[in-house]
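# Understanding the architecture of this molecule
Here are the chains, one letter per residue:
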Amino acid sequence: MLQPDRVVRTICPYCGVGCTLELHLRDDYIYEVQAPWDGVANRGLLCVKGRYGLDYLYHPHRITKPLMRKTPQRGGARTPAQSMDDWVEVSWDEALDFVAERLVEIYRTSGPRALAAYGSAKATNEDNYLLQKLFRALFQTHSVDHCARLCHASSVSALQAAIGSAAMSNTALEVLETEVALVAGSNTTENHPVIGAFIKRAVQERGVKLIVVDPRRIELADYATLWLPLKPGTNVALFSAMAHVIIREGWYNADFVAQHTEGFEEFARSMEKFTPEFAEQVTGVPKEHIIEAARLYAQARRAMLFWGMGMTQFAHGTASVLSLVHLALLTGHVGQVGTGLNPLRGQNNVQGASDMGVLNSVYPGYMKVSDPANAAHWEQVWHLPPGTLPTQPGLTVTEILKAAGPQGVRGLFVMGENPLMSEPNLAEAEEHLRQVEFLAVQDLFLNETGVYADVFLPAASFAEKDGTFTNTDRRVQRVRKALEPRGQARADWEILADLARRIEAKLGLPYSAGWHYTHPREIWAEIAAAVPAFRGITYERIDRVGLQWPVPSEDHPGTPFLYTRGFPSGKGRFFPLDFPDAPEPATRQFPLTMTTGRLLEHWHGGTMTRHSDLDALYPMPVVEMHPIDADALGITDGQPVRVSSRRGSVVVRAHVTDKTTPGVVFLPFHFAEAAANLLTMDAPLDPQAKIPHYKATPVRIDPAPEAELANPVWQPRGRR
Ligand code: SF4
């Protein structure tokens, strides 16, 4: 057996489970990945991405030297630079001086609101902290945001409004210690596979009763006591009907409601219309199943709520999440092990990027930018003159693109994001991006967004740098450098600190916000000193096992579950709800509802997995449709079809399967050659969270000629 030169313990770069990996290296090559039994989030388990999906590090298309456009782009209507002949390799000095010069020039001529930045849910806490520090401290703009806006922004707005805190309240593995688990809008075994495995184990070995709410017959439905296949976009009706039943039958926890909540009476009145009969009509779920789900959840001694993007990605996403949060407030299933409100965060560090303030309205630690006291706090931390930081929130990711142009956002810095795969209504988003006057992209590959850049800054991968990720359980964990960066790539934090020093020099500031870090440990120390929830976390304390924030002091053991002594807002708040109208109704022309999501073998925009051998496991997009719909349209399994919405169309093969329900089609969003977001709508957005309506798009499906397939490889799926 091959013996490693060294074994490096770190954290998986894919999903929010935050599995501990042991990288086995020989001759600077990761030839094997193992999962240690004392990895707290995964206990020896890994999914296919963590175990086999790290080879993207070595892919020949990886960019390892700074690049600049051969022909500079000036003004709007920029064009993509697809060929390497369009680029020229430059030194770091040349690249960073150019970025600094252009950003400063735009700032001087058009002010703070002409600049914006996208942070990255894949980068470390330290990387993200420096990105928002750079744009806030040097350019006084809060237009710093990231993809949390597109996945769980509505969880954040609903939880903040209801209880005053937005993170997952409990630890995912507590599912082994609960009685009832309700999983809504989360294909957990594909999106958070190790948590999915623990949910299956909880059912099989601990007798936990599982309620699955999803329009598709996902794998967890096979383990469920109840599977509620609702129509996409009808969550509010379903969960409000459960609340209706719980109130009507007197199954709610009257003591908890009286002591720990407010607004119950008005809320209860608003629930009267949500009868199980009404909900059956709206959702398609039999009323008996809604009543039984309400009984199971309410009468359990301990019950957990888990949810994913099938709850959040709607123009009424905040109301959708609130309708679920209400169930916990009614029953008091919070504040103990095996209970709680648990939004499963998608990316490896989406929790951390949010914690670090890469959001348009909050500083690190969720301190609101609108509060002058918070501005004063960060001015002190960053050694800025009083009054430097504005109290006006910035733009969100979708707003940043829409504002692109000579009178709006002229300069954009994108770190480790790919908006031209993740934004809704991609054709429109691409038009907006073309209007950005100056674009810098920092990433591993020249992806769909990178080809539009003026400057490309090659970043180190997760295995080539130190830092921390925060998983979905709020656990801050150590990421370790196992390899030197490929070529001239540098860690994101190093690039940002270098860039910031050059910007400060060009601005001629008489003070410095402090950019002379020699190791991410020093950045973390700055964060921990400034944010009370992290005060007790040091690199030494999380050397082997992470700590779950809040950790207010160095002798604090961390917080596996929250709200033992009530909610941060004092009392939990109920909100009266109405059933929201669909922003775009299905019509005869667009009679099917398209929902989108992830696959086990791929990850988000595909920047990593499509440069991995994992791509061979699932090499092409297919649209899943139910046999009833396929029969009605005369479509057979494997046939090329055109999926069209009011905004655009893609041609893919059809996969006829009873995994979907009649009327619902599913298209994964990983494939640039048939990007699902060409079809999704960019308006309206959720009024509070500004999240788009990704999960229920009216579409039609028509047969298409084989010649129109961008990727004709056809491999029938082995699993359903
Ligand atoms: Fe990585 Fe998530 Fe798979 Fe764990 S479950 S190995 S964190 S992708």
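Per chain, the residues get numbers from 1 upward, laid out in the order the sequence is written. It should be noted that, the model being predicted, local features are given only for residues of pLDDT at least 70 and side-chain atom pairs only at 80 or more, the latter also being counted only at that level, while totals for whole chains, interfaces and linings use all residues. Heavy atoms throughout the structure, all of them, feed into the side-chain values; hydrogens and water do not.

## Side note on the overall build of the protein chain
- For the protein chain, the helix and strand inventory stands at 22 helices and 28 strands.
- Taking 2.2 N^0.38 as the reference for a compact globule, 720 residues should give roughly 27 Å; the C-alpha atoms of the protein chain span a radius of gyration of 25 Å, in line with that estimate.
- The principal-axis extents of the C-alpha atoms in the protein chain amount to approximately 70 × 65 × 60 Å.
- Residue burial in the protein chain is summarised as follows: out of 720 residues, 65% are buried.
- Here, Shrake-Rupley sampling with a 1.4 Å probe gives the accessible areas, and only protein chains in the shown set may cover a residue. Carbon and sulfur atoms make up 50% of the accessible area of the protein chain, which amounts to about 24300 Å² in all. What counts as a helix is a DSSP run of H or I of at least four residues, what counts as a strand is a run of E of at least two, and both are numbered from the N terminus. Note that the radius of gyration is over C-alpha atoms, with the globule rule given as 2.2 Å times the number of residues to the power 0.38. When accessible area is computed with a 1.4 Å probe and restricted to protein chains, residues below 20% of their type maximum are described as buried, those above 50% as exposed, and intermediate ones as partly exposed.

## Remarks on the packing of aromatic side chains
- Geometry of aromatic contacts follows a simple scheme: Phe, Tyr and Trp rings, the Trp one being its six-membered ring, pair when their centres are within 6.5 Å, and the pair is stacked under 30 degrees between planes, edge-to-face over 60, tilted otherwise. This model, assessed by the stated rule, comprises 22 aromatic pairs.
- Taking 6.1 Å as the distance between ring centres and 50° as the angle between the ring planes, the aromatic pair formed by Phe135 and Phe413 counts as tilted. Here Phe135 is found in helix α3 (residues 125-139), whereas its partner Phe413 is found in strand β16 (residues 411-415), with 278 residues between them in sequence.
- Judged by its relative accessible area of 1%, Phe135 is buried.
- An angle of 85° between the planes, with centres 6.3 Å apart, marks the rings of Phe256 and Phe567 as edge-to-face. Here Phe256 is found in helix α9 (residues 254-260), whereas its partner Phe567 is found in the loop between β21 (547-548) and β22 (572-573), with 311 residues between them in sequence. The pair Phe256 / Phe567 is uniform in exposure class, with both members buried.

## Some remarks on the site of the ligand
- In the vicinity of the ligand, the contacting residues are Cys12, Tyr14, Cys15, Val17, Gly18, Cys19, Leu46, Cys47, Lys49, Gly50, Pro193 and Val194.
- Listed by contribution, the elements that provide at least two residues to the shell around the ligand are α1 (48-52) and α7 (193-206).
- Under the grouping applied here, Gly and all other residues not named as nonpolar or charged are polar, the nonpolar ones being Ala, Val, Leu, Ile, Met, Phe, Trp, Tyr, Cys and Pro and the charged ones Asp, Glu, Lys and Arg. Per-class residue counts for the shell around the ligand are nine nonpolar, two polar and one charged. We define proximity as follows: a residue is near a molecule or strand when any one of its heavy atoms falls within 4 Å of that partner.

## Considering the sheet that holds strand β6 (residues 115-118)
- Two strands pair under a simple rule: DSSP has to find at least two bridges between them. Spatially, seven strands are ordered β5-β4-β18-β17-β16-β6-β7 in an open sheet, and the strand pairing comes out mixed. Each of the sheet's edge strands pairs with one partner strand only, and the pair in question is β5 (87-89) and β7 (144-145).
- The sheet contact formed by strand β4 (residues 67-69) and strand β18 (residues 455-458) spans two bridges and is antiparallel. When the bridges of β18 are listed, Leu67 appears paired with Phe456.
- Two residues qualify as a contact provided that any one of their heavy atoms is within 4.5 Å of a heavy atom in the partner residue. Here the axes come from fitting lines to C-alpha atoms, over the contacting stretch only for helices, and the angles between their N-to-C directions go from 0 to 180 degrees. Packed on one face of the sheet, helix α2 (residues 92-110) meets β4, β6, β16, β17 (438-443) and β18 and runs near 130° to β18.

## Here we look at the sheet that holds β21
- The strand order across the open sheet built from three strands is β19-β20-β21, with neighbouring strands paired in antiparallel fashion. Two strands bound the open sheet, and with one partner strand each, they are β19 (467-470) and β21.
- Where strand β20 (residues 475-479) meets β21, two bridges bridge the pair, whose relative direction is antiparallel. Within the sheet, the bridge partner assigned to Val476 lies in β21 and is Leu547.
- Running at roughly 95° to β19, α3 makes contact with β19 and β20 of the sheet.

## Some thoughts on the pattern of salt bridges
- Here, a salt bridge means any Lys or Arg side-chain nitrogen found within 4 Å of an Asp or Glu carboxyl oxygen. Under the counting rule described, the total for this entry stands at 41 salt bridges.
- A salt bridge links Glu437 to Arg410; the shortest N-O distance between them is 2.8 Å. On the criterion of sequence distance, the pair formed by Glu437 in the loop between α19 (426-434) and β17 and Arg410 in the loop between α17 (397-402) and β16 is long-range, its members being 27 residues apart.
- For Glu437, a relative accessible area of 15% gives the class buried.

## Brief notes about the domain arrangement of the protein chain
- Each domain's extent is set by a domain assignment, obtained either automatically or from a database. Domain parsing of the protein chain yields domain 1 (6-58), domain 2 (67-146 + 352-538), domain 3 (153-344) and domain 4 (592-708).
- Once you take the C-alpha centre of each, domain 2 and domain 4 turn out to be 31 Å apart.
- Listed per partner, the contact involves 18 residues of domain 2 and 21 residues of domain 4.
- Area buried by domain 2 at its contact with domain 4 is led by Met421, Pro424 and Asn425, which between them contribute 36% of it.
- Inspection of the domain 2/domain 4 interface yields two salt bridges. Accessible area that two parts lose when put together, with a 1.4 Å probe and added across both, is what the buried area reports.

## Notes on the environment of Gly185
- Relative to the elements of secondary structure, Gly185 occurs in the loop between β8 (180-184) and α6 (188-191).
- Separated by 168 residues in the primary sequence, Gly185 and Ala353 have C-alpha atoms spaced 23 Å apart.
- Other than its neighbours up to four places away in sequence, Gly185 contacts Val213, Asp214, Gly308, Met309, Gly310 and Met311.

## Observations regarding the nonpolar core
- In this structure, Leu134, Phe135, Phe139, Trp378, Trp382, Phe413 and Ile503 are the most contacted members of the largest nonpolar core, which totals 69 residues.
- Looking at this core element by element, the count peaks at nine residues for α2.
- Excluding anything up to four places from it in sequence, Trp382 contacts Tyr129, Gln132, Lys133, Arg136, Ala137, Tyr363, Leu389, Ser512, Ala513 and Glu526.
- For our purposes a nonpolar core is just a set of buried Ala, Val, Leu, Ile, Met, Phe, Trp, Tyr and Cys residues, chained together by side-chain atoms within 4.5 Å. The next biggest cluster of nonpolar side chains, apart from the first, holds 60 residues, and it includes Ala237, Leu296, Val334 and Phe567.

## Thoughts on the packing of α2 against α3
- Between α2 and α3, the least distance of the axes is 12 Å, while the angle of their chain directions is 40°. As judged from the angle between their axes, α2 and α3 are oblique. When you trace α2 past α3, the crossing you get is right-handed. Touching Leu103, Val104 and Tyr107 of α2 are Phe135, Leu138 and Phe139, all from α3.
- Class assignment of the residues belonging to the contact of α2 with α3 gives a composition of six nonpolar, no polar and no charged. In these notes the angle categories are as follows: under 35 degrees is roughly parallel, over 145 is roughly antiparallel, 65 to 115 is roughly perpendicular, and the rest is oblique. Crossings are assigned a handedness: left-handed for a near helix turned anticlockwise from the far helix by less than a right angle, right-handed for a clockwise turn.

## Considerations on the environment of Val479
- Structurally, Val479 can be placed in strand β20.
- Under the relative-accessibility criterion, Val479 is labelled buried at 0%.
- The spacing of Val479 and Glu280 is 199 residues in sequence and 47 Å in space, taken between C-alpha atoms.

## Some remarks on the packing of α3 against helix α21 (residues 520-530)
- Between α3 and α21, whose axes approach to 9 Å, the crossing angle comes to 65°. Note on packing geometry: the crossing formed by α3 with α21 is left-handed. Facing Asn125, Glu126, Tyr129, Leu130 and Lys133 of α3, the residues of α21 in contact are Pro520, Ile523, Trp524, Glu526 and Ile527.
- Split into classes, the residues belonging to the contact of α3 with α21 amount to six nonpolar, one polar and three charged.

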